[in-house]
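# Fold and contact review
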Amino acid sequence: MSTKKPRATRGNIGLEAVEGRLRLIVPAKHSPTGEQKRIALGMKDTPENRGEADKIIKRIHAHIQLIGDYDPQKLEEYIWGKPENTANKLPPTQAKELQLDELWTLFVDHKSKSWRFTTFMGVMKTVGSHINRLTTKKLSDVLQIESELSQLRYTAKYRTLTKISACCTWAVHFQLISHNPFWVIVDGLKPPKSDKDPDPFTREERDLIIKAYETHPRYSYFAPLVTFLFLTGCRTGEAVALRWKSVTEKYITFCESISVVRGKHIHTNSTKTGKNREFPRTNKSLNKLLKQLKPENVNPDDFVFQQPGGGHINRLTFHYSWYGQKNETKGLVPQGIVSKLARKTEAEGGIDHYHCPYSTRHTFITLALETTAMEKPISHSDISQLARYVGNSPAMIFEHYLGRSGNEKLVNTEFDSPSPQASEDGKPSLDELRAQLATANQRINELTSLVQTLTSSQKLPAPVEPASEPELPLPTPSKTAPPPPPQPNGKALFQKWHPTKPAEEYEQLALFMSLEEMVNPKEE
């Protein structure tokens, strides 16, 4: 009886157990004879021996995939050769201790097939440049390497060391080095604050920024883009790459992206997550914006947002308009529109502090949740639906901002929506009470309509008038004013007109009426 290990990836060396003994399965392309071959390892099928067999397979794969010197005729040597003999078979640079730059080259070559092009160009090339500038590349000089990388900005240092650590962990897995010397260093680093950490604008700040762009003498053509970012919460690259063929009467489809890598615009036919997504056009402000932008005889392949001379928005210029542009000769940084607003006080029409462009996304998500919470309690399905609209995960929304509900009103963050006012004493604010009252009034209207419908269809008996009582003699008029007539009993009237409704609904109605009187007091 044979017990086989799950099949290895096609074309790779596998392992199987036959009658309690382990053997390798060598595919034809790696076999000395050009045909599939099975090689007995002379080991019993035990967890310890399977671990040793896995090491043999990894050693062979290192020669095939990483070192690139694999020779099928030397297969037996790769399996049974002693460590010192294996070292003699490696290239001269690898017969000794591998250095950091050599490991990095192997790591990048192995991982490049699974990386997005923008990740490869934007991150890995940058890290490789930092490694090449090091005065020492020995893994034993880890403290000196850390010291030299400390000359970089903290964000760059953190990113470089974490990638180097990942490279060393990978090398340990393939038995190219014995341990990862950078693990302890990276474990002690505090992750830097990211531009993607939620830092939303307020509604008032949002409107100030849009107005500043609309009235700017040089960068006013960016105003529609900024407005669109605030109204959809999409990523900047997705908005810049948006074409009219992706905009229908009901939905906007985000399916492309334009990134900036080393000063160059890189176009990709997918979003960051690799999935297309539809965004509903239920927002009146959004529809008005798109209607104003769309030409009469529009070319479907044209970009929605364009430079004055045509073509997609220049993201570098947009960043300069937002933050400012460094003057290489004078070393100055002229203020961008948002950075200039951040230098003003609120009394001068400024904003609390500087936010990067990604904060337009944070603002949309925050205001969408805030608007929904004013209408009803936020449900898990609402969170899932919002995450789908913005190309995020529900876990990210839960962690950073607090199936699918189908509630397309989640995206309605109109410019005239009220801003909730929190109460300092912890009690419900006036806006919160009004929202609760609106919900209560809606519920009362629904119940009243239901009662009228049932009554008209004779499913519910109409209110019964009380039997007429015999007339009593009128009282003799007195000189003093008669006492006011007794007030009718509200609960009795409710049960009279709604005999099938429980008494608890009267208590609820009375509470709603008290709430209304408190929020909207009658003038004397």
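Given the structure is predicted, the values throughout are model-derived calculations rather than measurements.

Here is what the cut-offs are and how they apply
Positions within a chain are numbered from 1, following the residues in the order the chain's sequence is written. A pLDDT threshold of at least 70 governs which residues receive local features in this predicted model, and a stricter bar of 80 or more applies before side-chain atom pairs are shown or counted, although totals over entire chains, interfaces and linings include all residues. The side-chain figures draw on all heavy atoms in the structure; neither hydrogens nor water molecules are used. In plain terms, two cysteine sulfur atoms within 2.5 Å form what is called a disulfide here. What counts as a helix is a DSSP run of H or I of at least four residues, what counts as a strand is a run of E of at least two, and both are numbered from the N terminus. Here the term buried applies to any residue with accessible area under 20% of the maximum for its type, exposed to any over 50%, and partly exposed to those in between, with areas from a 1.4 Å probe on protein chains only. Residue contacts follow a heavy-atom distance rule, with two residues in contact if any of their heavy atoms lie within 4.5 Å. The nonpolar core is taken to be a set of buried Ala, Val, Leu, Ile, Met, Phe, Trp, Tyr and Cys residues, with the residues joined through side-chain atoms within 4.5 Å. Axes, fitted as lines to C-alpha atoms, cover a helix only where it is in contact. Angles between the N-to-C directions of the axes lie from 0 to 180 degrees. Any angle that falls under 35 degrees is termed roughly parallel, while one over 145 is termed roughly antiparallel, one within 65 to 115 roughly perpendicular, and all others oblique. Here a crossing is called left-handed whenever its near helix is offset anticlockwise from the far helix by less than a right angle, and right-handed whenever the offset is clockwise. Residue polarity is assigned by list, with Asp, Glu, Lys and Arg as charged and Ala, Val, Leu, Ile, Met, Phe, Trp, Tyr, Cys and Pro as nonpolar; anything else, Gly included, falls into the polar class. N or O atoms within 3.5 Å of each other form a polar contact, as long as, within protein, one can give a hydrogen and the other can take it, and as long as residues adjacent in sequence are counted only when both atoms are side-chain atoms. By definition here, a salt bridge exists when the distance from a side-chain nitrogen of Lys or Arg to a carboxyl oxygen of Asp or Glu is within 4 Å.

The subject of this paragraph is the state of the cysteines. All told, the structure shown has zero disulfides when counted by the stated rule. Considering cysteine sulfurs only, C167 is the nearest to C168, which forms no disulfide, with 5.2 Å between them.

Another point: the environment of E97. With respect to the helices and strands, the residue E97 is situated in the loop between α4 (92-95) and α5 (100-111). On the basis of relative accessible area, E97 is assigned to the partly exposed category, the value being 46%. It is 9.8 Å that separates the C-alpha atoms of E97 and S140, two residues lying 43 residues apart in sequence. Contact partners of E97, with chain neighbours within four places excluded, come to E102, L139 and S140.

A general tendency of soluble globular proteins is for nonpolar side chains to be buried together. Membership of the largest hydrophobic core comes to 48 residues, with the highest contact counts inside it found for I209, Y213, F228, I252 and F318. Counting residues per element, this core draws most heavily on helix α11 (residues 223-232), at seven residues. If near-sequence neighbours (up to four positions away) are discounted, I252 is found in contact with F228, L242, S246, V247, R277, E278, F279, R281, L286 and L290. Among the nonpolar cores identified, the runner-up in size contains 30 residues, and L106, L134, F174 and I177 belong to it.

Next up on the list: the packing of helix α10 (residues 203-214) against α11. As a packed pair, α10 and α11 sit with axes 8 Å apart at the nearest point and diverge in direction by 160°. As far as their axial angle goes, α11 and α10 are roughly antiparallel. Between α10 and α11 lies a crossing of left-handed hand. Across the interface between the two elements, R206, I209, I210, Y213 and E214 from α10 touch A223, V226, T227 and F230 from α11. In terms of residue class, the contact of α10 with α11 is made up of six nonpolar, one polar and two charged.

Here R277 shows up in strand β8 (residues 277-280). Of the residues examined, R277 reaches a relative accessible area of 6% and is grouped as buried. At a separation of 2.6 Å, a polar atom in the side chain of R277 contacts the side chain of E238. Ignoring sequence-local partners within four residues, the contact set of R277 consists of C234, R235, E238, I252, T253, F254, T271, R361, R388, Y389, V390 and G391.

Tallied over the full model, the rule gives nine salt bridges. Where E16 meets R38, a salt bridge forms, and the shortest distance between an N and an O atom there is 2.8 Å. Placement of E16 in strand β2 (residues 14-18) and of R38 in strand β4 (residues 37-44) is noted, with a sequence separation of 22 residues between them. For E16, a relative accessible area of 2% translates into the label buried. For the salt bridge of R50 with D45, the shortest nitrogen-to-oxygen distance reads 2.7 Å. Overlapping salt bridges, with partners in common, bring together E16, R23 and R38 in one network.

Here we come to unusual backbone geometry. Of note, the phi angle at E19 is positive, near 50°, even though the residue is not glycine. Its location among the elements puts E19 in the loop between β2 and β3 (21-26). For E19, a relative accessible area of 63% gives the class exposed. Located in the positive-phi region is Q175, a residue other than glycine, with phi close to 60°. Tracing the backbone shows Q175 in the loop between α8 (154-173) and α9 (183-187).

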